[in-house]
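# Secondary and tertiary structure notes
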Amino acid sequence: QVQLVESGGGLVQTGGSLRLSCAASGRTFSSYAMGWFRQAPGKEREFVAALSRSGGNTYYEDSVKGRFTISRDNAKNTVYLQMNSLKPEDTAIYYCAATPTDYYYRTDPRLYNYWGQGTQVTVSS
């Protein structure tokens, strides 16, 4: 089992950057593929990005490709989401999630077993 805590959200202007962090507890962090999801008001939770256990493979939702970068540091039990060129439509609560497999291409939130509490990202126009 793993507990996840996100941080790094905030208010930023269009074109700005933020880096989200997700700290995991437990000794088996490297056994999980990790993902980031987001949920805007009135919308369903949607996939943003994911990466494999080693961090060597990544997968992105089309609208964030080239702007967002997911990475992990297994020695620090932390996964990151670097977000550049932010747009108002990126405004949402961002969640990190873990799946005890190496299926880093999973986009369905139902396939992730563990979730953080979320961090708010607001992009002003």
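In case you missed it, the structure is sitting above this.
Residues numbered from 1 in each chain as written. Predicted model: local features only at pLDDT ≥ 70, side-chain atom pairs only at ≥ 80, totals over all residues. Heavy atoms only, no water.

### Brief notes about the state of the cysteines
Applied cut-off: Disulfide: a pair of cysteine sulfur atoms within 2.5 Å of each other. Helix numbers and strand numbers start at the N terminus; a helix is a DSSP run of H or I with at least 4 residues, a strand a run of E with at least 2. Exposure categories follow from relative accessible area, calculated using a 1.4 Å probe and restricted to protein chains: below 20% of the type maximum is buried, above 50% is exposed, and the middle band is partly exposed.
Considering all chains together, one arrives at 1 disulfide under this definition. Here C22 is linked by a disulfide to C96, with a sulfur-sulfur distance of 1.9 Å. Its S-S torsion of about 45° marks the bond between C22 and C96 as right-handed, since a negative value means left-handed. Here C22, found in strand β3 (residues 18–24), pairs with C96, found in strand β9 (residues 92–99); they are 74 residues apart in sequence, far enough to count as distant. Exposure remark for C22: the relative accessible area of 0% places this residue in the buried category. Given a relative accessible area of 0%, C96 falls into the buried group.

### Points about the nonpolar core
Basically, it comes down to this: Buried residues of nine kinds, namely Ala, Val, Leu, Ile, Met, Phe, Trp, Tyr and Cys, make up a nonpolar core once their side-chain atoms join them within 4.5 Å.
Core analysis: the biggest nonpolar cluster contains 29 residues, and M34, W36, L81, M83 and Y94 have the highest contact counts within it. Those elements giving two or more residues to this core turn out to be β3, β4 (33–39), β5 (46–51), β7 (68–73), β8 (78–83), β9 and β11 (119–124).

### A closer look at the pairing of β7
Note the cut-off: Two strands pair if DSSP finds at least two bridges between them.
Of the two faces of β7, the one lined by F68, I70 and R72 is fully buried and the one lined by T69, S71 and D73 carries no buried residue. Relative to β8, β7 runs antiparallel, the two sharing 6 bridges. Residue pairing in the sheet places D73 in a bridge with T78 of β8. Connecting the antiparallel pair β7 and β8 is a turn made up of 4 residues, with N77 showing a positive phi of about 55°.

### Quick notes on the pattern of salt bridges
Threshold: Salt bridge, as applied in this entry: a Lys or Arg side-chain nitrogen positioned within 4 Å of an Asp or Glu carboxyl oxygen.
A complete count under the given rule lists 5 salt bridges for this structure. The partner of D90 in a salt bridge is R67, with the nearest N and O atoms 2.8 Å apart. Note that D90 is positioned in the loop between β8 and β9 and R67 in the loop between β6 (58–60) and β7, a separation of 23 residues in sequence. What makes D90 buried here is its relative accessible area of 1%. Assessed through its relative accessible area of 10%, R67 is described here as buried. Salt-bridge contacts for D108 lead to R110; the nearest nitrogen and oxygen are separated by 2.8 Å. What makes D108 partly exposed here is its relative accessible area of 23%.

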